[in-house]
Amino acid sequence: MFDVGNPLNLPFDPIERAHDNWTGRWGASPAMAAVTSIMRAQQILIGQLDATLKPHELTFARYEALVLLTFSSSGALPLGKIGERLMVHPTSVTNTIDRLERQGFVRRRPNPSDGRGTLAEITDPGREVVERATRDLLDMEFGLDCYSDEELWQIHRLFRKLRVDFGDFPAED
């Protein structure tokens, strides 16, 4: 396991303590406890994922971009489509692709169907690093090895509901 910082090692759950304090001042809020837990989980997971990807000179954001290009039938996508699929701001896409290009994992080329647009295309070294990095992430179960498959699908379904409610995509009938 890679070093991802120190666990808190507290003798109590700080989120439960915060909720107790919250309840005393404003009343019980399961939403406050849930969102605080989600935010802490995100810190833990990004730390673990980035530590696992560091030997590959990747962050999780750059890894996601490479995976997306790997899934593309041509290995290339317009920068705008990358941002849309990864749900990030265009500036973030540009920075991510800039870094991957400097690393030799992607190259930019003109979009033949749009004279002004640019495609990001994964290179052979990019394909190789994504395969190695994916094996490492699978080996550490993306940091979620404390959950059973059933629990992981339950987590997925719970957050899917939030994403549907937000409007990311329509609910299934």
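All figures in this text were calculated on a predicted structure; none of them were measured in a lab.

Asker: What's the story with the UniProt feature "domain: HTH marR-type" (unreviewed entry) in the chain in this structure? I'm lost.
Answerer: UniProt's feature table lists "domain: HTH marR-type" (unreviewed entry) at residues 28-164, given in the numbering used throughout. As a span, residues 28-164 carries 65% helix and 13% strand, and end to end its C-alpha atoms are 26 Å apart.

Asker: Whenever I open this one, the layout of surface pockets confuses me. Can you help?
Answerer: Empty space among the atoms can be located by rolling a probe the size of a water molecule over them. When its volume is computed, the largest pocket comes out at roughly 1,700 Å³. Surrounding the largest pocket, 35 residues form its lining, Gln42, Leu45, Leu144, Ile155 and Phe159 being those nearest its centre. Here the lining of the largest pocket gets ten residues from one element, more than from any other, and that element is helix α2 (residues 30-53). Its residues placed into classes, the lining of the largest pocket shows 24 nonpolar, six polar and five charged.

Asker: It is not clear to me how the packing of aromatic side chains should be interpreted in this structure. Could you clarify?
Answerer: To describe a pair of aromatic rings, one takes the distance between the centres and the angle between the planes. This structure, assessed with the given rule, holds two aromatic pairs. The ring of Phe12 is capped by Arg17, whose NZ or CZ atom sits 3.9 Å from the centre of that ring.

Calculation notes
- Residues numbered from 1 in each chain as written.
- Predicted model: local features only at pLDDT ≥ 70, side-chain atom pairs only at ≥ 80, totals over all residues.
- Heavy atoms only, no water.
- UniProt positions renumbered as here; feature names shortened; annotations may be inferred.
- Helix = DSSP H or I, 4+ residues; strand = E, 2+ residues; numbered from the N terminus.
- 1 Å grid on protein atoms, 1.4 Å probe; cavity = no way out; pocket = protein on both sides within 12 Å on 5 of 7 lines; lining within 4 Å.
- Points joined across faces, edges and corners; volume = space filled by probe spheres on them.
- Nonpolar A, V, L, I, M, F, W, Y, C, P; charged D, E, K, R; others polar.
- Phe/Tyr/Trp six-rings, centres within 6.5 Å; stacked < 30°, edge-to-face > 60°.
- Lys NZ or Arg CZ within 6 Å of the ring centre and 35° of its normal.

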